[in-house]
Amino acid sequence: MLKEKNVLLGVTASIAAYKATYIVRLLKKLGASVRVIQTEASLDFVSPLVLSTLSENKVIYKVIDKQTNEWNSHVELGLWADYMIIAPATAKSISKMAEGNCDNQLIATYLSSKCPVYFAPAMDLDMYKHPSTKTNIKKLQKFGNKLIPVNNGELASGLVGEGRMAEPEEIIDFIIHDITKNKELFGKNCLVTAGPTHEKIDPVRYIGNRSSGKMGLAIANELAEKGAKVTLVMGPSQLSSNHPNINQINVISAEEMYSQVKSVFSNSDISVFSAAVSDYKPSESYSEKLKKEKENWDIALEKNKDILKDMSLRKKVNQLVVGFALETENEKENAISKLKKKNLDFIVLNSTRDKGATFEVDTNKISIIEKDLTITDFELKEKTEVAKDIVSVILKKINI
Ligand code: CTP
């Protein structure tokens with residue numbers, strides 16, 4: 001959501017300015033490019049050195065940088081930003097924003113920006129209550145700027161009341177909610193299984209399927225980008241998501257995957273089962289490593305539960321369930337049989353016979369087979385693009 005987005009953080013002179021460091025950290029963690037502009041007065045509250053180190057960009061607080069003799073263009077910065085956040089926003093800066101009083105680089109950039117602007121007031125309770133502050137805030141909202149509500153709590157003055165700046169996590173959550181709320185899948189809960197499962201033989205050996213988890217992760221990301229809240233149940237994989245709308249639950253075995261899936265399935269509007277679940281597990285597993293004393297070793301295996309099939313049996317009419325079929329021969333025939341057997345809305349077929357497709361690569365080549373047996377064949381693509389194709393069929397199925 002904020003990945004690869006340009007976020008401009010404006011910092012004004014309040015005790016809460018130290019929290020700007022956490023805001024930068026959170027934004028960076030979400031993959032945003034961050035640039036910071038400070039008012040000169042805020043330099044007493046938080047050092048530009050800290051903010052430039054965390055943001056990995058030079059902090060701007062003057063129109064002209066005397067050291068380099070460079071002009072810091074507020075126009076260029078304003079146009080660069082996809083989002084602007086002013087946090088903390090003091091009563092004085094709010095008043096300047098309301099009046100268009102651009103006597104510093106921050107306000108000049110604010111006036112030049114064309115992107116959504118969020119502001120998080122921070123001030124003492126009486127200042128916050130004052131009619132002039134209330135009027136200025138209303139004016140800013142009327143201009144389309146988005147107010148991040150203050151908290152009621154301890155203030156720097158020692159008083160307790162309204163005026164405390166929202167916490168950095170609250171600020172980020174507010175922005176993400178705001179960005180997401182108009183997206184197609186906002187309000188939908190999704191479940192995605194991904195990766196392989198490992199079925200323990202002993203502490204160092206296991207049985208498993210080949211899978212990196214890349215396809216499932218790409219689907220989870222795409223659903224989350226469209227505004228859904230996603231639970232990603234991921235088997236053993238190096239991969240993880242930092243998307244704020246994804247809750248990743250890591251599991252090892254099919255049994256663990258089953259129990260995590262079962263706990264969220266009934267609440268999921270859309271479920272995509274892309275995991276390469278091991279169909280069998282050793283009937284017995286050992287707590288110590290087995291020594292290679294025997295010449296031959298027969299391992300008795302027993303069937304794991306079919307997670308997808310089991311969930312499909314519980315599926316209600318308003319739930320959409322998507323499965324995968326990985327085949328090596330008679331691909332379409334086998335996939336159609338799985339589609340029917342597992343009561344799916346559609347199935348995504350990939351074949352090991354297609355070069356550059358299936359596991360451990362960044363690309364995939366799929367066919368989508370729908371309930372009415374319509375088959376759509378797609379070209380070989382990056383898995384991120386394949387995820388878009390799959391999600392667009394999901395959107396079509398739920399009539400969006
Ligand atoms: N699946 C599952 N639980 C299992 C096995 C498979 O949830 N124990 C899901 C997979 O995530 C996939 C679909 O079922 O969405 C089909 O998986 P696949 O391995 O292709 O087929 P299987 O049903 O296991 O049949 P087979 O191995 O005989 O091809």
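Structural notes, computed from the coordinates.

Parameters and conventions
- Residues numbered from 1 in each chain as written.
- Predicted model: local features only at pLDDT ≥ 70, side-chain atom pairs only at ≥ 80, totals over all residues.
- Heavy atoms only, no water.
- Helix = DSSP H or I, 4+ residues; strand = E, 2+ residues; numbered from the N terminus.
- Buried < 20%, exposed > 50% of the residue type's maximum accessible area, 1.4 Å probe, protein only.
- Pairing = 2+ DSSP bridges.
- Axes fitted to C-alpha atoms, helices over the stretch in contact; angles between N-to-C directions.
- Contact = heavy atoms within 4.5 Å.
- Near = heavy atom within 4 Å.
- Polar contact = N/O pair within 3.5 Å; in protein donor to acceptor, adjacent residues only side chain to side chain.
- Areas by Shrake-Rupley, 256 points an atom, 1.4 Å probe, with all protein chains shown as cover.
- Patch = residues over 30% accessible without salt bridge, like charges linked within 9 Å, V, L, I, M, F, W, Y side chains within 5 Å.
- Salt bridge = Lys/Arg side-chain N within 4 Å of Asp/Glu carboxyl O.
- Phe/Tyr/Trp six-rings, centres within 6.5 Å; stacked < 30°, edge-to-face > 60°.
- Lys NZ or Arg CZ within 6 Å of the ring centre and 35° of its normal.

Right, let's talk about unusual backbone geometry for a bit. With omega at -5 degrees, the peptide bond leading from Ala 87 into Pro 88 counts as cis. You will see that Glu 56, though not glycine, has its phi angle at about 60 degrees, which is positive. Position of Glu 56 relative to the elements: it lies in the loop between α2 (48-55) and β3 (64-65). When its relative accessible area of 60% is taken as the criterion, Glu 56 is described as exposed. The phi angle at Leu 373 is positive, at roughly 70 degrees, despite the residue not being glycine.

Let us now look at the sheet that holds strand β14 (residues 246-250). Here we have eight strands laid out as an open sheet, ordered β14-β13-β10-β15-β18-β19-β21-β22, and mixed in their pairing. Among the strands making up the open sheet, the edge pair consists of β14 and β22 (375-377). Recorded for the sheet is a direction-independent mean angle of 15 degrees between the axes of neighbouring strands. Looking at chain direction, strand β10 (residues 189-194) and strand β15 (residues 270-273) are connected through four bridges and run parallel. Opposite Thr 193, over in β15, you have Phe 273 as the bridge partner. Contacting β10, β13 (229-234), β14, β15 and β18 (320-327), helix α10 (residues 254-265) crosses the sheet at an angle of about 170 degrees to β10. The sheet strands contacting helix α13 (residues 383-397) are β15, β18, β19 (346-351) and β21 (366-370), and the helix crosses β21 at an angle near 10 degrees.

Once that is clear, we can look at the site of the ligand. By nearness alone, 14 residues border the ligand, and Phe 273, Ala 275, Phe 324, Lys 338 and Lys 342 come closest of all. A distance of 2.9 Å separates a nitrogen atom of the ligand from a polar backbone atom of Lys 305. Between the ligand and Lys 342 there is a distance of 2.6 Å, counted from an oxygen atom to a side-chain nitrogen or oxygen. Taken by itself the ligand offers 560 Å² of open surface, and the protein chains cover 77% of this. Looking at the shell around the ligand, the elements that each hand over two or more residues are α11 (307-314) and β18.

On the surface, a cluster of nonpolar side chains totalling about 420 Å² of accessible area is made up of Ile 15, Tyr 18, Tyr 22 and Phe 45. Within the fold, Tyr 18 resides in the loop between β1 (6-11) and α1 (19-29). Exposure remark for Tyr 18: the relative accessible area of 42% places this residue in the partly exposed category.

Under the defined criterion, the tally for this structure stands at two aromatic pairs. Ring centres of Tyr 118 and Phe 174 lie 6.3 Å apart, and the angle between their planes is 85 degrees; this geometry places the pair in the edge-to-face category. Residue Tyr 118 is located in strand β6 (residues 117-121), and its partner Phe 174 is located in helix α8 (residues 168-180); the two are separated by 56 residues in the primary sequence. In this structure Tyr 118 comes out as buried when scored by relative accessible area, which is 1%. A centroid spacing of 6.5 Å and a plane angle of 50 degrees characterise the contact between Phe 265 and Phe 273, whose relative ring orientation is tilted. Here Arg 35 stacks its cationic end above the ring of Trp 80, 5.1 Å away from the centre of that ring.

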